[in-house]
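# Structural overview
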Amino acid sequence: MTEPLSPPVSEPQLQAEVLARALPHMQLYDDAIVVVKYGGHAMGSEDVARNFAQDIVLLEQSGVNPVVVHGGGPQIGAMLAKLGIKSEFAAGLRITDKATVEIVEMVLAGSINKQIVGFINEAGGKAIGLCGKDGNMVLAKKASRVIVDPDSKIEQVVDLGFVGEPDKVDTSVLDQILRRELIPVLAPVAAAVDGGTYNVNADTFAGAIAGALGAKRLLLLTDVPGVLDKTKQLIPRLTIAEAQALIADGTISGGMIPKVETCIYALEQGVEGVVILDGKVPHAVLLELLTDHGAGTLITR
């Protein structure tokens, strides 16, 4: 005797099942702060940006307190090229002279910031766009990098111009915003102690914000799946010690090194876990936070 066939599952039933499975994850992040760094390379098309905005609104509606920090390297490069200003880099950071920092502030704190705010608001959220200069949220100090000349092997200190690193973070403005169920969208432009303006690497800026807020999660959305092993397979979880060992043996290399170092810095500042994931995957934020599957590489203490 054959078993009777189960009736086909309807679309509404599937939706209900998905919501039911998300419940434990919603409870885990209820009233928690999650900082999401939305990278310039992860932004992709307008459809990707709108999906991201929907994810952020859904998180806020489910009881999470999302804070968005965005980059904009490709967009800054395009604007500088349009204006005939040559971009120079050292140790992975844009050398930023006075003319360049004005463009950086215009693109980051202006067009990109307000575009993301607009997408979140269109999706039903209430976003507010700020940068590190607002309310003296982030005070930065001048950054410098040491590079090794490939021929002479001599170390040289590079003057990066108006490039800064977070020195002090005052969360009082963010605390007020989050209490009012608003979604802060932050551009990584910071004030100098003497009143000037610094361009800050968006990963570093997000790590400082997440640490100061005691965030439960920092998500670094980029254009790669996460940390890969020597066979180019995704590593789903790492501790700080394991990540440091992978840097030492060369498994983690190139542009992934500063990202992982930012993760370690944020964890040392009190963030519970940091995830590096591919922001171009549809609804990557929801996959990571609200499903059993997860996404990317989770780094913990």
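Now for a quick tour of the structure. (Residues numbered from 1 in each chain as written. Predicted model: local features only at pLDDT ≥ 70, side-chain atom pairs only at ≥ 80, totals over all residues. Heavy atoms only, no water.)

### Details of the pairing of strand S11 (residues 217-222)
In terms of burial, S11 is largely enclosed, as six of its six residues are buried. The pairing of strand S1 (residues 33-38) with S11 spans five bridges and is parallel. Bridge pairing in S11 places tyrosine 38 opposite leucine 221. Taken together, the six bridges between S11 and strand S13 (residues 273-278) define a ladder with parallel strand orientation. Of the residues in S13, the one forming a bridge with arginine 217 is glycine 273. (Buried < 20%, exposed > 50% of the residue type's maximum accessible area, 1.4 Å probe, protein only. Helix = DSSP H or I, 4+ residues; strand = E, 2+ residues; numbered from the N terminus. Pairing = 2+ DSSP bridges.)

### Overview of the packing of helix H8 (residues 240-248) against helix H9 (residues 256-268)
At their nearest, the axes of H8 and H9 sit 11 Å apart, and the two run at 155 degrees to each other. With respect to each other, H8 and H9 are oriented roughly antiparallel. Helix-helix and strand crossings are classified by hand; for H8 and H9 the assignment is left-handed. Residue-level inspection shows Ile240, Ala243, Gln244 and Ile247 of H8 in contact with H9, the latter providing Ile257, Val260, Glu261, Ile264 and Leu267. Per-class residue counts for the contact of H8 with H9 are seven nonpolar, one polar and one charged. (Axes fitted to C-alpha atoms, helices over the stretch in contact; angles between N-to-C directions. Parallel < 35°, antiparallel > 145°, perpendicular 65-115°, else oblique. Left-handed = near helix turned anticlockwise from the far one by under 90°. Contact = heavy atoms within 4.5 Å. Nonpolar A, V, L, I, M, F, W, Y, C, P; charged D, E, K, R; others polar.)

### Considerations on helix H1 (residues 11-28)
Here H1 is 18 residues long and its end C-alpha atoms lie 27 Å apart, about the 26 Å a rise of 1.5 Å per residue gives. At alanine 22, H1 shows its maximal kink, close to 35 degrees; a proline, proline 24, follows between one and four residues later. (Expected span 1.5 Å × (residues − 1). Bend = angle between axes of the 7 residues up to and from the residue.)

### A short note on H8
Among the residues of H8, Ile240, Ala243 and Leu246 are the ones counted as buried. Projected down its long axis, H8 shows its buried positions confined to an angular sector of 125 degrees, all on one face. More than 90 degrees from the buried face of H8, the exposed residues found are Ala241 and Ala248. Note on H8: the residue one or two positions beyond its end, glycine 250, has a positive phi of about 90 degrees. (Arc of directions from axis to C-beta.)

### A look at the environment of threonine 100
Mapped onto the secondary structure, threonine 100 falls in helix H5 (residues 98-122). Given the relative accessible area of 3%, threonine 100 is considered buried. Residues threonine 100 and isoleucine 85 lie 15 residues apart in sequence; the distance between their C-alpha atoms is 7.6 Å. The contact partners of threonine 100, leaving out residues within four places of it in the chain, are Leu80, Ile85, Arg94 and Ile95. Within the structure, the side chain of threonine 100 is placed 2.7 Å from the side chain of aspartate 97, a separation counted as a polar contact. (Polar contact = N/O pair within 3.5 Å; in protein donor to acceptor, adjacent residues only side chain to side chain.)

### Some remarks on the packing of aromatic side chains
Ring pairs (aromatic) are described by centroid distance and by the angle formed between their planes. Scanning the entire structure with this criterion turns up one aromatic pair. On the numbers, 3.9 Å between centres and 5 degrees between planes, the contact of tyrosine 38 with phenylalanine 52 is stacked. Placement of tyrosine 38 in strand S1 and of phenylalanine 52 in helix H3 (residues 46-61) is noted, with a sequence separation of 14 residues between them. (Phe/Tyr/Trp six-rings, centres within 6.5 Å; stacked < 30°, edge-to-face > 60°.)

### Notes on the nonpolar core
Core analysis: the largest hydrophobic core is formed by 42 residues, its most contacted members being Ile120 and Leu219. If one sorts the elements of this core by residue count, H5 sits on top with nine residues. Discounting chain neighbours no more than four positions away, the residues touching isoleucine 120 are Ala53, Ile56, Val57, Gly125, Ala127, Ile183 and Val185. Core analysis: the second largest hydrophobic core is formed by 41 residues, Met137, Ala190, Ala210 and Leu267 among them. (Core = buried A, V, L, I, M, F, W, Y, C linked by side-chain atoms within 4.5 Å.)

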